[in-house]
Amino acid sequence: MKNYPAILGGQKTRNTSFLARKTMFKEEIKAVTDVMHTDNLSSFLGAPGNSFLGGEKVIEFENFWKKKYGFKHAISVNSWTSGLMITVGAIGIEPGDEVICSPYSMSASATSVLFYGGIPIFADVDPNTYNLDPISIEKLITKNTKAILVVHIFGGTADMNKIMLIADKYNLKVIEDAAQSPGISYKNKPIGAIGHIGGFSLNYHKHIHCGEGGMIVTNDDDLALKSQLIRNHGENCAEVLDKKYLPNIIGGNYRLTEIQAAIGIEQLKKLDNILNNRINLANYLHTKLSNFDCLESYIPEEGFEHAYYVFPIKFNSELAGMSRNLFVKSVNEEFVDATGWESTPLAEGYVKPLYLNPIYQEQIAIGSKGYPFNVNNDINYNYSKGICPVVEKLYSEQMIITPLIRDPLTEDDLKDLISAISKVLKYSKEISNNFIDDQNETIYTPVKVASEKNVR
Ligand SMILES: *Cc1c(COP(=O)(O)O)cnc(C)c1O
């Protein structure tokens with residue numbers, strides 16, 4: 001029976017898999033072979049001089065990125081995780097400094113703070129944009145707060161004007177994690193450097209990539225210089241670079257190679273097209289999903305662009321007559337097994353709120369004594385379940401994401417997704433009656449017992 005849900009023994013909506021994402025074409029291949037012919041795969045040297053800032057392709061890639069969006073500086077790095085660590089170092093986070101972070105993000109959006117001894121403090125998100133809620137941010141500010149690490153999640157943008165007002169009021173630095181939102185604007189300003197510094201990921205799964213990589217952007221000369229120093233063993237040349245003396249910089253090797261930069265240049269040329277295709281697919285989904293009461297898609301307000309890294313959908317189980325997890329499972333049953341994450345029809349929850357991970361529950365990040373959570377020894381940091389109710393509800397009950405919003409998929413593919421959703425919802429009662437839905441989620445129990453300190 002074609003119109004009976006597959007999970008109840010009916011036929012699947014679709015028996016062919018979604019076309020895989022393809023990202024490397026003749027332009028990238030030529031760019032790589034051109035670099036190979038030069039025999040120069042990296043010109044970086046961790047020493048003062050011309051080679052400190054990297055080779056020809058690295059510099060060309062950075063110039064292309066900064067000119068395309070009008071940033072004063074672009075600094076390529078070997079991953080955006082490295083980029084986050086560098087930006088945390090560049091803005092001067094010290095042990096015991098508190099940084100307000102989003103719990104609804106990839107783990108590095110908060111662990112980057114821990115590498116410098118900073119303490120991530122998790123604010124809740126706005127239930128519509130899924131990005132940091134300015135009101136929640138302001139409530140958490142203390143004398144130890146030094147920065148806000150804003151994430152632009154799923155391809156959307158956080159409400160930067162409101163966040164910058166708070167930052168100015170309390171003299172805080174703002175880092176933007178725009179890994180999922182390259183090439184878009186908030187109120188006509190390109191995101192990434194609306195705050196003091198920020199950047200993008202170029203890992204394989206992102207809109208554009210060079211295998212692994214990242215790009216830091218900033219309009220601040222001092223932060224750019226510090227980022228360049230941290231990227232490349234800055235301790236070796238803290239005295240001579242740009243005639244500034246910066247002894248308190250420990251560098252690493254976070255350098256991009258010439259081949260990666262050459263690929264990145266070709267990829268950046270394609271970003272506008274990639275974004276346009278995703279926006280067209282999103283518009284189709286917005287229209288079709290509006291026919292289902294139980295599904296709500298977030299349509300960005302005027303001034304907020306969206307890059308659609310994935311397409312977020314909010315689910316109302318009461319209106320659907322079934323739980324979210326069962327809904328997702330039933331829709332996915334309508335398709336053949338996904339060949340990879342990018343072809344998964346629906347996924348539930350996104351990531352677990354970051355503070356529920358063991359590193360925060362046990363409060364030991366580096367070593368075994370509780371560093372850096374023990375630096376401010378009069379404060380007992382609270383990472384209990386319940387501190388960010390909006391995120392917890394999104395994670396456990398409401399959020400669904402689909403990555404089927406990418407090249408080379410078309411409206412025809414999404415039509416199948418809509419048919420599958422429609423079929424499952426029509427039979428929601430029957431499906432619910434046939435399956436016991438185990439929504440119980442194991443919550444990590446901390447081993448450490450809280451001591452008699454100020455709880456916050
Ligand atoms: C991908 C991603 C990162 C990490 O980027 P890498 O280049 O993989 O290190 C950080 N934050 C967010 C929100 C991401 O999506």
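One can find the structure itself at the top, above this paragraph.
Residues numbered from 1 in each chain as written. Predicted model: local features only at pLDDT ≥ 70, side-chain atom pairs only at ≥ 80, totals over all residues. Heavy atoms only, no water.

(A) Representation of the overall build of the protein chain. Helices and strands together make up the secondary structure of the protein chain, namely 14 helices and 15 strands. Relative to the compact-globule value of 23 Å for 456 residues, the protein chain shows a C-alpha radius of gyration of 23 Å, a close match. Principal-axis analysis of the C-alpha atoms places the extent of the protein chain at approximately 75 × 65 × 40 Å. Counting across all 456 residues of the protein chain, residues that qualify as buried make up 55%. For the protein chain, the proportion of contacts with a sequence separation of at least 24, taken over those separated by at least 6, is 72%. Of the roughly 19,900 Å² of accessible surface on the protein chain, a fraction of 51% belongs to carbon and sulfur atoms. Seen as two clouds, the 45 positive and the 53 negative side-chain charges of the protein chain have centres 1 Å apart. (Helix = DSSP H or I, 4+ residues; strand = E, 2+ residues; numbered from the N terminus. Rg over C-alpha atoms; globule rule 2.2 N^0.38 Å. Buried < 20%, exposed > 50% of the residue type's maximum accessible area, 1.4 Å probe, protein only. Contact = heavy atoms within 4.5 Å. Areas by Shrake-Rupley, 256 points an atom, 1.4 Å probe, with all protein chains shown as cover. Lys, Arg positive; Asp, Glu negative; His and termini not counted. Charge placed at Lys NZ, Arg CZ, Asp CG, Glu CD.)

(B) A look at the site of the ligand. The environment of the ligand is made up of 14 residues, and the closest members are Thr 81, Asp 177, Ser 201, Asn 203 and Lys 206. Residue Asp 177 places a side-chain N or O atom 2.7 Å away from a nitrogen atom belonging to the ligand. One of the side-chain nitrogen or oxygen atoms of Gln 180 is found 2.9 Å away from an oxygen atom of the ligand. Contact with the protein chains removes 93% of the 390 Å² of surface that the ligand exposes when unbound. (Near = heavy atom within 4 Å. Polar contact = N/O pair within 3.5 Å; in protein donor to acceptor, adjacent residues only side chain to side chain.)

(C) Focus on the sheet that holds strand E14 (residues 399-402). One open sheet holds the four strands; their spatial order is E10-E11-E14-E12, and the pairing between them is antiparallel. Unpaired on one side and paired on the other, strand E10 (295-297) and strand E12 (347-348) mark the two borders of the sheet. Here E10 runs beside strand E11 (residues 311-315); their pairing, made up of three bridges, is antiparallel. Residue pairing for E11: Glu 296 is matched across the bridge by Lys 314. Sheet contacts for helix H8 (residues 258-289): E10, E11 and E14; angle to E11, the most-contacted strand, approximately 15°. Relative to E11, helix H12 (residues 389-398) is tilted by about 85°, and along the sheet it contacts E11 and E14. (Pairing = 2+ DSSP bridges. Axes fitted to C-alpha atoms, helices over the stretch in contact; angles between N-to-C directions.)

(D) Layout of unusual backbone geometry. In this structure, the amide linkage connecting Tyr 371 to the following residue, Pro 372, adopts the cis form with an omega of 0°. Tracing the backbone shows Pro 372 in the loop between helix H11 (358-361) and strand E13 (379-380). Here the residue pair Asp 407 and Pro 408 is connected by a cis peptide bond, since its omega of -5° sits within 30 degrees of zero. Even without being a glycine, Lys 187 presents a positive backbone phi close to 45°. Relative to the helices and strands, Lys 187 is located in the loop between strand E6 (185-186) and strand E7 (189-190). Classification of Lys 187 as partly exposed rests on a relative accessible area of 37%.

(E) Molecular detail of helix H3 (residues 80-90). For H3, the buried fraction is high: 10 of the 11 residues fall into the buried class. If you check which residues of H3 are buried, you get Trp 80, Ser 82, Gly 83, Leu 84, Met 85, Ile 86, Thr 87, Val 88, Gly 89 and Ala 90. For H3, the N-terminal capping position is held by Ser 79, with its side-chain oxygen 3.2 Å away from the main-chain nitrogen of Thr 81. Two residues or fewer past H3, Gly 92 is found with a positive phi of approximately 90°.

(F) Spotlight on the nonpolar core. Ranked by size, the top nonpolar core spans 108 residues in total, and within it Phe 61, Trp 65, Phe 122 and Ile 148 carry the most contacts. Top element by residues in this core is H8. It accounts for nine residues. Setting aside its immediate chain neighbours within four residues, Trp 65 contacts Phe 71, Ala 74, Phe 200, Leu 202, Ile 208, Met 215, Val 217 and Leu 268. If you look at the next biggest cluster of nonpolar residues, it comprises 36 residues, including Tyr 4, Ala 282, Val 328 and Leu 346. (Core = buried A, V, L, I, M, F, W, Y, C linked by side-chain atoms within 4.5 Å.)

(G) Local environment of the environment of Leu 140. Looking at where Leu 140 falls in the secondary structure, it is placed in the loop between helix H5 (134-139) and strand E4 (145-151). Classification of Leu 140 by relative accessible area gives partly exposed; the value is 21%. On a C-alpha basis, the gap between Leu 140 and Val 99 in space is 9.8 Å, while along the polypeptide they are 41 residues apart.

(H) Up close: the side chain of Arg 278. Along the polypeptide, Arg 278 turns up in helix H8. Buried charge without a salt bridge: Arg 278, with Asp 407 as the nearest opposite-charge side chain at an N-O distance of 6.0 Å. A distance of 3.1 Å separates a polar atom in the side chain of Arg 278 from the backbone oxygen of Tyr 309. Here Arg 278 is in contact with His 207, Ala 307, Tyr 308, Tyr 309, Ile 405 and Arg 406, once residues within four sequence places are set aside. (Salt bridge = Lys/Arg side-chain N within 4 Å of Asp/Glu carboxyl O.)

(I) Local environment of helix H1 (residues 26-38). Between its first and last C-alpha, H1 extends 19 Å over 13 residues, near the 18 Å set by a 1.5 Å rise per residue. Here the buried face of H1 lies against helix H2 (56-69) and H8. (Expected span 1.5 Å × (residues − 1).)

(J) The arrangement of the pairing of E11 in detail. Extensive coverage of E11 is indicated by the burial of five of its five residues. Inspection of the sheet shows E11 paired to E14 by four bridges, in the antiparallel sense. Pairing of Lys 314 across the sheet is with Met 399, part of E14.

(K) Here's a closer look at the packing of aromatic side chains. For the structure shown, the criterion picks out 20 aromatic pairs. Here the aromatic rings of Tyr 104 and Phe 154 are separated by 6.0 Å at their centres, their planes lie at 80°, and the arrangement is edge-to-face. Note that Tyr 104 is positioned in the loop between strand E2 (98-101) and helix H4 (108-114) and Phe 154 in the loop between E4 and helix H6 (160-170), a separation of 50 residues in sequence. Like Phe 154, Tyr 104 is buried. Aromatic side chains Tyr 130 and Phe 154 sit 5.6 Å apart centroid to centroid with 65° between the ring planes, which places their arrangement in the edge-to-face category. (Phe/Tyr/Trp six-rings, centres within 6.5 Å; stacked < 30°, edge-to-face > 60°.)

(L) Quick look at the pattern of salt bridges. One pass over the structure, following the stated rule, counts 19 salt bridges. Measuring nitrogen to oxygen at the nearest pair gives 2.7 Å for the salt bridge that ties Glu 334 to Lys 423. Separated by 89 residues along the polypeptide, Glu 334 in the loop between helix H10 (324-333) and E12 and Lys 423 in helix H13 (residues 411-426) bring together distant segments of the chain. Looking at Glu 334, the relative accessible area reads 0%, which means it is buried. For Lys 423, a relative accessible area of 8% puts it in the buried group. Its salt-bridge partner being Lys 385, residue Glu 392 comes within 3.7 Å of it at the nearest N-O pair. For Glu 392, a relative accessible area of 11% gives the class buried. One salt-bridge network, in which partners are shared between bridges, spans Lys 26, Glu 27, Glu 28 and Lys 270.

Geometric descriptors of this kind do not, in isolation, establish any biological role.
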